[in-house]
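# Observations on chain architecture
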Amino acid sequence: EAGVAQSPRYKIIEKRQSVAFWCNPISGHATLYWYQQILGQGPKLLIQFQNNGVVDDSQLPKDRFSAERLKGVDSTLKIQPAKLEDSAVYLCASSLGGKNIQYFGAGTRLSVL
Amino acid sequence: GEDVEQSLFLSVREGDSSVINCTYTDSSSTYLYWYKQEPGAGLQLLTYIFSNMDMKQDQRLTVLLNKKDKHLSLRIADTQTGDSAIYFCAESIGNDYKLSFGAGTTVTVRA
């Protein structure tokens, strides 16, 4: 069974530029999560989708971050414009839903210069 | 600060046992998890325990849960060099089972 796929693996941009990350969850997983992991910290939830609907985006900085999961499968996370403090690893996870286990992708490491 | 707290570093000799400790704050947490993260990789689920259990064993891994003290530990028996990684404790919160992670414990296995 294929795992959670994320791309790109690495991205370097200058502040005020835009960037987008892509996630393909495990087939059949209804729930998809985006986490931000700053160096030296644990992952923090940004947004949770159930199929193509948003369950929780309370921690998403909506002035610059946006995410969508239009067909209930793949998802994109966008930052526009990026700030220095957005430098982090962005992890995507998926689960069958509810209390089921979350499976994580390898992440996208973003460096904002 | 983190709601889930862990010690930051642990150094252990190869072949010895490792014990990683964690305290959490939400007494209504239903599941508690241990994830492992190797350099440049995502998080890999190691094991989890339901809140009505006090112990779970899975091969070299033993999880102990003290719900009264909100304390969770992970014991790795016969620690190997491949066990060097960052270990995250996480609790599930609320009806959506959102995960709240600690900052991670970096385990270094020395020969």
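So, here's what we can say about the structure. These numbers come from a predicted model, not from an experiment. Residue numbers restart at each chain and count upward from 1, following the sequence in its written direction. For naming, the first written chain is A and the first written ligand is 1, with later ones following in the order written. Local features in this predicted model are restricted to residues of pLDDT 70 or higher, and side-chain atom pairs are both shown and tallied only at a pLDDT of 80 or more, whereas totals for entire chains, interfaces and linings draw on every residue. Side-chain figures throughout are based on the complete set of non-hydrogen atoms in the structure, without hydrogens or water.

### What about the packing of aromatic side chains?
The cut-off we apply is this: Each Phe, Tyr or Trp ring, with Trp reduced to its six-membered ring, pairs with another whose centre is within 6.5 Å; inter-plane angles below 30 degrees give stacked pairs, above 60 give edge-to-face pairs, and intermediate values give tilted ones. To qualify as a helix, a DSSP run of H or I must reach at least 4 residues; to qualify as a strand, a run of E must reach at least 2; elements of each kind are numbered from the N terminus. Exposure is judged per residue with a 1.4 Å probe applied to protein chains only, and the accessible area is read against the type maximum: over 50% gives exposed, under 20% gives buried, and values in between give partly exposed. Think of it as a cone above the ring: NZ of Lys or CZ of Arg counts as a charge over the ring if it is within 6 Å of the ring centre and within 35 degrees of the ring normal.
Overall, the coordinates contain 14 aromatic pairs over all chains when judged by the stated rule. Arranged with centres 6.1 Å apart and planes meeting at 80°, the rings of Phe 104 of chain A and Phe 101 of chain B form a pair that is edge-to-face. With Phe 104 of chain A in strand β10 (residues 103-104) and Phe 101 of chain B in strand β10 (residues 98-101), the pair connects residues from two separate chains. Overall, Phe 101 of chain B belongs to the buried group, its relative accessible area being 2%. Relative to Tyr 48 of chain B, the ring of Tyr 33 of chain B has its centre 6.0 Å away and its plane inclined at 35°; by these criteria the two rings are tilted. A residue pair is termed long-range when its members are at least 10 positions apart, and Tyr 33 of chain B in strand β4 (residues 31-37) and Tyr 48 of chain B in strand β5 (residues 43-50) qualify at 15 residues. For Tyr 33 of chain B, a relative accessible area of 3% corresponds to the buried category. Using a relative accessible area of 32% as the deciding quantity, one classes Tyr 48 of chain B as partly exposed. Ring pairing ties together the aromatic residues Tyr 33, Tyr 35 and Phe 104 of chain A together with Tyr 31, Tyr 33, Tyr 35, Tyr 48, Phe 50, Phe 88 and Phe 101 of chain B, which thus form one cluster. Here the guanidinium or amino end of Lys 56 of chain B rests over the ring plane of Tyr 48 of chain B, the centre of that ring lying 4.1 Å away.

### Details of the interface of chain A and chain B
Filter applied, for reference: Whether two residues are in contact is decided by their heavy atoms, any of which lying within 4.5 Å being enough. Defined here as a combined quantity, buried area equals the accessible surface (1.4 Å probe) lost by two parts on assembly, summed across both. Just to be clear on terms, a salt bridge is a Lys or Arg side-chain nitrogen sitting within 4 Å of an Asp or Glu carboxyl oxygen. Side-chain atoms alone can form a polar contact between residues adjacent in sequence; in general such a contact is a pair of N or O atoms within 3.5 Å, and within protein one must be able to donate a hydrogen while the other accepts it. Each residue gets one of three labels, nonpolar for Ala, Val, Leu, Ile, Met, Phe, Trp, Tyr, Cys and Pro, charged for Asp, Glu, Lys and Arg, and polar for the others, Gly among them.
With 20 residues of chain A in contact, the opposing surface of chain B contributes 19 residues. When chain A packs against chain B, the two sides together hide about 1,600 Å² of surface, and 54% of this comes from carbon and sulfur. For the pair chain A and chain B, the interface holds one salt bridge. Inspection of the region where chain A meets chain B yields four residue pairs in polar contact (both at pLDDT 80 or more). The set of elements that each furnish at least two residues to the side of chain A that touches chain B consists of β4 (31-37), β5 (44-50) and β6 (53-56) of chain A. Sorting elements by how many residues they give to the side of chain A that touches chain B places β5 of chain A first, with three residues. Its residues assigned to classes, the side of chain A that touches chain B shows eight nonpolar, eight polar and four charged.

### Looking at the sheet that holds strand β3 (residues 19-24) of chain A
Residue and element names in this part refer to chain A. Definition in use: Pairing between two strands is assigned when DSSP locates at least 2 bridges connecting them. To obtain an axis, a line is fitted to C-alpha atoms, over the contacting stretch when the element is a helix, and the angle between two such axes runs from 0 to 180 degrees between their N-to-C directions.
With antiparallel pairing, four strands are arranged side by side in an open sheet as β1-β3-β8-β7. Among the strands making up the open sheet, the edge pair consists of β1 (5-7) and β7 (65-68). Adjacent strand axes in the sheet meet at a mean angle of 15°, parallel and antiparallel pairs treated alike. Across five bridges, β3 lies against strand β8 (residues 75-79) in antiparallel orientation. For Phe 21, the partnering residue across the bridge sits in β8 and is Leu 77.

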